[in-house]
Amino acid sequence: MKTVLVTGGSRGIGKCVTENLAKDGFNVVLNYNKSEKQAKEIKENLSKQGINIEIYKADVSKREDVKKLVKFALNKFKNIDILINNAGIAKLQMFNDITDEDWNEMINTNLNSVFYTTQEVLPNMIHNKNGCIINISSIWGIVGASCEVAYSVSKAGIDGMTKSLAKELGLSNIRVNSIAPGVIDTEMNSNLDNAIKEQIKDETPLNKIGKPIDIYRCIKWLIEDEFTTGQIISPNGGYVI
Ligand code: NAP
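What you see is a predicted model; the values in this text were computed from it and never measured.

Chemist: Would you mind going over the overall build of the chain with me for this structure?
Modeler: If you tally the helices and strands in the chain, you get eight helices and seven strands. Here the chain has a C-alpha radius of gyration of 17 Å; the compact-globule value for 241 residues is 18 Å, and the two agree. Counting across all 241 residues of the chain, residues that qualify as buried make up 51%. A sequence separation of at least 24 residues applies to 74% of the contacts in the chain between residues at least 6 apart. Summed over all atoms, the accessible surface of the chain reaches about 12100 Å², with 50% contributed by carbon and sulfur.

Here's what the structure looks like:
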């Protein structure tokens, strides 16, 4: 049975991915930070269906927390076959309003977390000569977003890490890819009013906003695939082509 570690699995995309991979028969470690109640509910609901998952609180923006998270996962399941770097935050603000604190929080949470988790998990994957790392970036890392400079930089950084690491780790049979979603209907976008959502829909060739399940399907494909690495795959309804 393969083991998958999902960061930020308590809500939104991470919740959907965690639940579905658990139902698919993977050993799952769900990481959460602030949403303990939601994480426990996910575990309980799955348990009612006869499925066991492990949950672990860790702030992935902190190296020490990540060390403990990875140690916990390895103690439970011996290996980590798949790492899904999903945890992230977003903040809308004008570039000149970004404080050092805002900037560091964004980079620590969205980008440095991927550096930490990947470094902590890699010795196990390299030892096994097998691994699949999936980083959730964003279309805004590809095309840039006004009033989301820090966010866009953090996601572009992830894509740079994906491409470089794929080259470094290919001979160890470790695949590294990014999924760069378009707009997905989660709490992260709860600040968008309906008019803006309609406008995004109108500008999207498939005329819809994405759902977390769209990202799960892409992840499932990347887990099963054996010839894709270093790619930035963007499920976005055609919004960015
Ligand atoms: P969401 O609904 O706001 O959920 C964010 C998740 O990240 C939560 O489970 C949260 O956990 C976790 N998280 C945040 N900071 C964390 C930290 N320091 N340590 C551990 N976990 C942390 O957002 P979402 O829409 O599902 O986004 C998931 C990923 O997709 C993010 O990386 C986001 O940038 C990316 N993305 C989203 C969209 C979109 O339109 N929704 C588009 C492109 C990319 P707690 O609540 O437990 O703290």
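Chemist: What should I look at first to understand the pattern of salt bridges in this one?
Modeler: Pairs may arise between side chains of opposite charge once their charged atoms sit close together. In total, this model carries 13 salt bridges according to the counting rule given. Between Glu120 and Lys67 there is a salt bridge, with its nearest N and O atoms 3.8 Å apart. With Glu120 in helix H4 (residues 100-128) and Lys67 in helix H3 (residues 63-77), this pair connects stretches of sequence that are 53 residues apart. Each of the salt bridges in this network shares a partner with another, and the network as a whole consists of Asp24, Lys220 and Glu224.

Chemist: What should I look at first to understand empty space enclosed by the protein in this one?
Modeler: With the rule as written, the count across this model stands at one cavity of 30 Å³ or more. One number sums up the size of the largest cavity: a volume of about 50 Å³. With four residues, H4 is the largest single contributor of residues to the lining of the largest cavity. Taken together, the residues that form the lining of the largest cavity break down as five nonpolar, six polar and one charged.

Chemist: It is not clear to me how unusual backbone geometry should be interpreted in this structure. Could you clarify?
Modeler: Most peptide bonds take the trans form, and the phi angle of most residues other than glycine is negative. You will see that Cys147, though not glycine, has its phi angle at about 65 degrees, which is positive. Looking at the element boundaries, Cys147 is found in the loop between helix H5 (139-143) and helix H6 (149-169). For Cys147, a relative accessible area of 27% puts it in the partly exposed group. Residues other than glycine seldom take positive phi values, yet Asn173 does so here, at roughly 60 degrees.

Chemist: Looking at this model, I keep getting lost on the nonpolar core. Mind explaining?
Modeler: A general feature of soluble globular proteins is that nonpolar side chains tend to end up buried together. If you look at the biggest cluster of nonpolar residues, it comprises 31 residues, and the most contacted ones within it are Leu21, Ile84, Ile134 and Ile219. Only strand S1 (3-6), helix H1 (12-23), strand S2 (27-32), helix H2 (36-48), strand S4 (82-85), strand S5 (131-136) and helix H8 (212-224) provide two or more residues apiece to this core. Element by element, the count of residues in this core is highest for H8, at six residues. Not counting residues up to four positions away in its chain, the partners in contact with Ile219 are Val17, Ile84, Ile134, Ile136 and Ile179. Core analysis: the second largest hydrophobic core is formed by 27 residues, Ala58, Val70, Leu83 and Leu169 among them.

Chemist: What is the right way to look at the layout of surface pockets in this model?
Modeler: Over the atoms, a rolled probe matching the size of one water molecule traces out where space is still vacant. In this structure, the largest pocket spans a volume of roughly 1400 Å³. In terms of lining residues, the largest pocket is bounded by 49 residues, among which Gly88, Ile89, Ala90, Tyr151 and Met188 are the most central. Sorting the residues of the lining of the largest pocket by element identifies H1, S2, H4, H6 and helix H7 (194-202) as the ones contributing at least two each. Empty space within the second largest pocket amounts to approximately 210 Å³. Across the lining of the second largest pocket, the residue classes break down as seven nonpolar, five polar and two charged.

Chemist: Mind showing me how you'd approach the side chain of Thr18 here?
Modeler: Here Thr18 is to be found in helix H1. A relative accessible area of 0% places Thr18 in the buried class. Contacts of Thr18, omitting those with residues within four sequence positions, involve Val6, Gly9, Val28, Leu30 and Ile53.

Chemist: Before we go on, may I ask you to explain the site of the ligand in this structure?
Modeler: Around the ligand sit 31 residues in total, of which Ser35, Asn86, Tyr151, Thr186 and Asn189 are the nearest. Backbone polar atom of Asn33 to an oxygen atom of the ligand: 2.9 Å apart, as the coordinates give it. Expressed as a share of its isolated accessible area of 890 Å², the protein-covered part of the ligand is 95%. Assessed atom by atom at 2 Å from the grid points, the ligand resides in the largest pocket. For the shell around the ligand, the secondary-structure elements that each account for two or more residues are H1, S2 and H6.

Each value, and the rule that gives it
- Residues numbered from 1 in each chain as written.
- Predicted model: local features only at pLDDT ≥ 70, side-chain atom pairs only at ≥ 80, totals over all residues.
- Heavy atoms only, no water.
- Helix = DSSP H or I, 4+ residues; strand = E, 2+ residues; numbered from the N terminus.
- Rg over C-alpha atoms; globule rule 2.2 N^0.38 Å.
- Buried < 20%, exposed > 50% of the residue type's maximum accessible area, 1.4 Å probe, protein only.
- Contact = heavy atoms within 4.5 Å.
- Areas by Shrake-Rupley, 256 points an atom, 1.4 Å probe, with all protein chains shown as cover.
- Salt bridge = Lys/Arg side-chain N within 4 Å of Asp/Glu carboxyl O.
- 1 Å grid on protein atoms, 1.4 Å probe; cavity = no way out; pocket = protein on both sides within 12 Å on 5 of 7 lines; lining within 4 Å.
- Points joined across faces, edges and corners; volume = space filled by probe spheres on them.
- Nonpolar A, V, L, I, M, F, W, Y, C, P; charged D, E, K, R; others polar.
- Core = buried A, V, L, I, M, F, W, Y, C linked by side-chain atoms within 4.5 Å.
- Near = heavy atom within 4 Å.
- Polar contact = N/O pair within 3.5 Å; in protein donor to acceptor, adjacent residues only side chain to side chain.
- Sits in = over half its atoms within 2 Å of the grid points.

Nothing here speaks to function; it is geometry throughout.
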